[in-house]
Amino acid sequence: MNERSGRPNDAGWDDDRLAAAYRSLAAAPVPADLTRSTIAAAEAAPRVGRRWGWDGGEWRRPRSVAAGGLVAIALVAILIGSLALRPTYGPGTNGSLAPAHGLTVRSVSELLAAESNGSIHGDDLAAVRGWIVQELMPACPYQPPSPALEDTCTSRKLLMTETAQTLVTFQPVEAGMSETELSPSGPHLFARELIGNYVDPVISSILDAGNSTVSPYRPLEAILVGHFHDVRAAECSADQRAACEAAFVVDQVAWLDGRTLGPNVWIGGEHDTGKLLTPRLNGAGVAAALASSLDPGDEIASIAAVQLGDITTITGQGNQVPGNGADIIWYVRVAGPPPRFPALAWGTGNGGWMIVDDASGHVRGAGGWGFVPANSASYSPSAAPSLPGGLYRLPTVNWLPGGACAGVGLDAVLRGSPTDAMVAWLENTGTNARRDVTWPAGYHARFTPNIEILDQNGSVVLRDGDHVDGACGYNPDTGWTYLEPPFK
Amino acid sequence: MANGALAARSLVDLARSGDAVAFESLVRSRMDATYRLTLAILGDGADAADATQETFVAAWQQLPSLRDLDRFDAWLQRVAVNACRMTLRARGRRRVREIPMTQLGGAEESALGAAPARPDAETLRSTLRHLSLDQRAVLALHHLEGRPVAEVAEILGIPVGTAKSRLFKARSELDKALREERR
C-alpha cells in the first residue's frame, strides 16, 4: 500500500476513484503496428557511446559480465544452482587440479596446437586451463540477428589467455576516471559459450561478493571444457566459416577462481518475451530421467531448459524436430562414452547431448559422439552392417518418434535390400517409383531374409511389403521423406 | 534475487550491448505498460503513440549508459516521462490534432443540451490539460502505476520531499480542475 490518503476530496473523488479513472483512461489498446514501427525506428537510430570506468565509487561492468549476442533470446538463461551429480574438477593434494571426463587439461597454447595438428578429432571434448580476462563492453550499433558463431560486435566472447593479464586499467583525471584497454598478449583464444555454460552469473557472483574497490577486470583462473568444429559453424557465411570452425565452444565451465562449478542447471526464457520458463522437472529429475539411458562412464556436464522451437539454435538449423515449439525440453551435455539408448550408430566422439521432454520425463533425442544424422549435409548412406547382431544402420535423425506429425499422404509399400546404400525405401503402389526415407533415432533394420524395421526398443514395426500411407515430412533438399509410426 | 528478475536483468544486459533480439523482446514486453503510462500523462492516443516510440528509441540509444540493470523499469519510466515532455512541447507547435471519437460524441451530446454524466476517464482526460507535465507524471506514476512516493522520486530524479510536495500540489490542482469541470 502506498501513501495514498484514501479520503474523498471536495470534488468527490477519493484515491480509489482516481486510480480507477486512470486505469480506464489508460486501458486503450496499443495501436496496431506501433511495436513494429518502434523497433524499426530504433533500428535506424544511432547509439551513443559507452560510459565505462569508475563512477560514483562503483565499478562499471566489464564485457564478459554484460556481454550480448547470444544465439537467441530464448537462450537468455540464468544460473540457478549446481548439481551434486558427480564432481568434475577439484584441487588435488599437490595443489594441481584433478581432471575428469578422462580429458587432459591443456594450456591455451597446447590446446591451439592440438587443434592445429589434428590431435583433437572433430568436435571431441577438450579441456583448457588459462585465465579469463575481462574486456570493456563496446557500444554496438543495432544489429539484426546473425549466425550464432559469427564474430560480430555483439558476439558473446570469453577471452582466455595463457598468462594472467589485466587489460583494462583506470587513471584519475580531472573529470573522474579515464580508461585504458590493452590487447591481449601471448597465446589466447576467444571462447564461445553454449547454453547452460554462461560464465556471466558466476563472474557476477564473484565480483559482487568481493571488495568493490577491487577491479572486476582482474584475471580469473579457469578450466573450460569445450569443443571445436561446432555443428553451427555450417550456418556461418563463407568468409567466416573457417573462423567459426576454429571457435572453441564451451560445454562446461568446470572450475573458476578456485570454485568447482559443474554440472550446472540453467533455465532459459520464453522465445517471444524472455520470461523465465517454468519447467516441471528440476536438474536432479532430469538426471534421474536420463540415468537408465546413459553409459555408466558418462558424466553430465550441463543441463539447460529451453523451448523446443529454439533447439535449432543449439543443435543447428538443419536439426528441426516435429512438435509444439512452446514445449519445454531439457538439453543435457554429456561427457563420456555413447549412451545406451537410443541405439544409434554412434561414431568415435567422446561427448554428446541428450534431450529430455519436460512434460513426460522421457528421452526425446540425442546427438554427438560422432553420430551423423541423415538430415545433415555430411551424411553419407552406407549399407554396411554397422550394428551388432547383423543389424543394419538406417538413415536416422536425432529424434525419437512421438512428436507432432505434419502428415504427408502416401500410397506405398516397404522394400529393402542389404546391398542398397539406403537399406530400406518405399515403393509407390501405382507407379512402383522409389521414395527414399529417413527414420527416427534408434531405428535399424535386419533381413530374415526379407527386410524388417525395428524401433529404438528393438520391436519390429514394419516388414517387407507392409503398406505405408502417411509420413511426417519431406525434405526437398535431399528428396527424402521422414517416416514415423503409425505410418498412416 | 528472484529468478525472473535475473532473467530480466540478463535481457537488459544483452540489449545494452547491442543485441537486437533482446531489445525487441524488451520492446514487446514493455510496450503495453509504456503506452499506458504515456497515455495517462498525455491523455491523447496519437501523442501517447509518439511518446512511446520516442521512449524506446531513446532507451535504445541510452542503454549503454544504464548503470544499474535492476532498475531498468524505473529508468524506462523516467525516459517515458521525458518523452512525454518532448511530445507536449512538439504538440504546442502542431496546428492540427487528432480528436478522439469519444470527445466528438460528448460534444454532440452537449450541443443537444443533454449534459450527460461523462465517464470518469473522460473527465480525467479533460482535466489533465490544466496540469503541468510534471504534475501529470507524478499523478500517473502514483495513482496509475501505484508507485510509492519514494519510487516516484527516484524515477523523476528528484528528492523525496520534492516528490511529496509535487504530488500534493498536483492533486490540489486536479481537484480544482475537477470542480471546474462539474460547473
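Every residue gets a number counted from 1 within its own chain, in the order that chain's sequence is written. Lettering for chains starts from A, numbering for ligands starts from 1, and both go in the order in which the items are written. With pLDDT at 70 or above as the cut-off, local features in this predicted model cover only qualifying residues; side-chain atom pairs require 80 or more to be listed or tallied, and sums for whole chains, interfaces and linings still use all residues.

1. Describing the overall build of chain A
Next up, step 1: What counts as a helix is a DSSP run of H or I of at least four residues, what counts as a strand is a run of E of at least two, and both are numbered from the N terminus. Along its length, chain A carries seven helices and 29 strands.
Next up, step 2: For every residue, the other C-beta atoms within 10 Å of its own C-beta are counted; 20 or more classify it as buried, 12 or fewer as exposed, and values in between as partly exposed. C-beta atoms are placed from the backbone. Counting over 488 residues, chain A shows a buried share of 45%.
Next up, step 3: Looking at chain A alone, contacts between residues at least 24 apart form 69% of all its contacts between residues at least 6 apart. Throughout, a residue-residue contact means that the two C-beta atoms, derived from backbone geometry, are no farther apart than 7 Å.

2. Some remarks on helix α8 (residues 149–156) of chain B
Residue and element names in this part refer to chain B.
Next up, step 1: Those residues of α8 lying buried are Val149, Val152, Ala153, Ile155 and Leu156. Buried residues of α8 fall within an arc of 165° about the axis and therefore sit on the same side.
Next up, step 2: Remark: Gly157 follows α8 within two positions and exhibits a positive phi of approximately 70°. Note that the arc is computed from the directions linking the helix axis to the C-beta atoms.

3. What about the nonpolar core?
Next up, step 1: By size, the foremost hydrophobic cluster in this structure holds 107 residues, and its most contacted members are A:Met160, A:Leu224, A:Trp330, A:Tyr331, A:Val332 and A:Val356.
Next up, step 2: In this structure A:Trp330 touches A:Leu281, A:Val286, A:Ile303, A:Ala305, A:Ile355, A:Val356 and A:Asp358, once residues within four positions along its chain are discounted.
Next up, step 3: Grouped together as the second largest cluster of nonpolar side chains are 62 residues, B:Ala15, B:Leu39, B:Leu69 and B:Leu178 included. By definition, a nonpolar core groups buried Ala, Val, Leu, Ile, Met, Phe, Trp, Tyr and Cys residues that connect through C-beta atoms lying within 7 Å of each other.

4. Observations concerning the environment of A:Ser183
Residue and element names in this part refer to chain A.
Next up, step 1: Structurally, Ser183 is set in the loop between β10 (176–181) and β11 (188–193).
Next up, step 2: Its 8 C-beta neighbours within 10 Å are what place Ser183 among the exposed residues.
Next up, step 3: Along the sequence, Ser183 and Val168 sit 15 residues apart, while their C-alpha atoms lie 9.3 Å from each other.

5. Describing unusual backbone geometry
All names here are of chain A.
Next up, step 1: At the junction of Phe341 and Pro342, the peptide bond is cis and its omega measures out at 0° in the coordinates.
Next up, step 2: Looking at the element boundaries, Pro342 is found in the loop between β17 (328–335) and β18 (351–357).
Next up, step 3: With an omega dihedral of -5°, the bond running from Thr448 to Pro449 counts as a cis peptide bond.
Next up, step 4: Phi angles above zero are rare outside glycine, and His229 is one such case at about 55°.
Next up, step 5: Looking at the element boundaries, His229 is found in the loop between β12 (220–227) and α5 (241–245).

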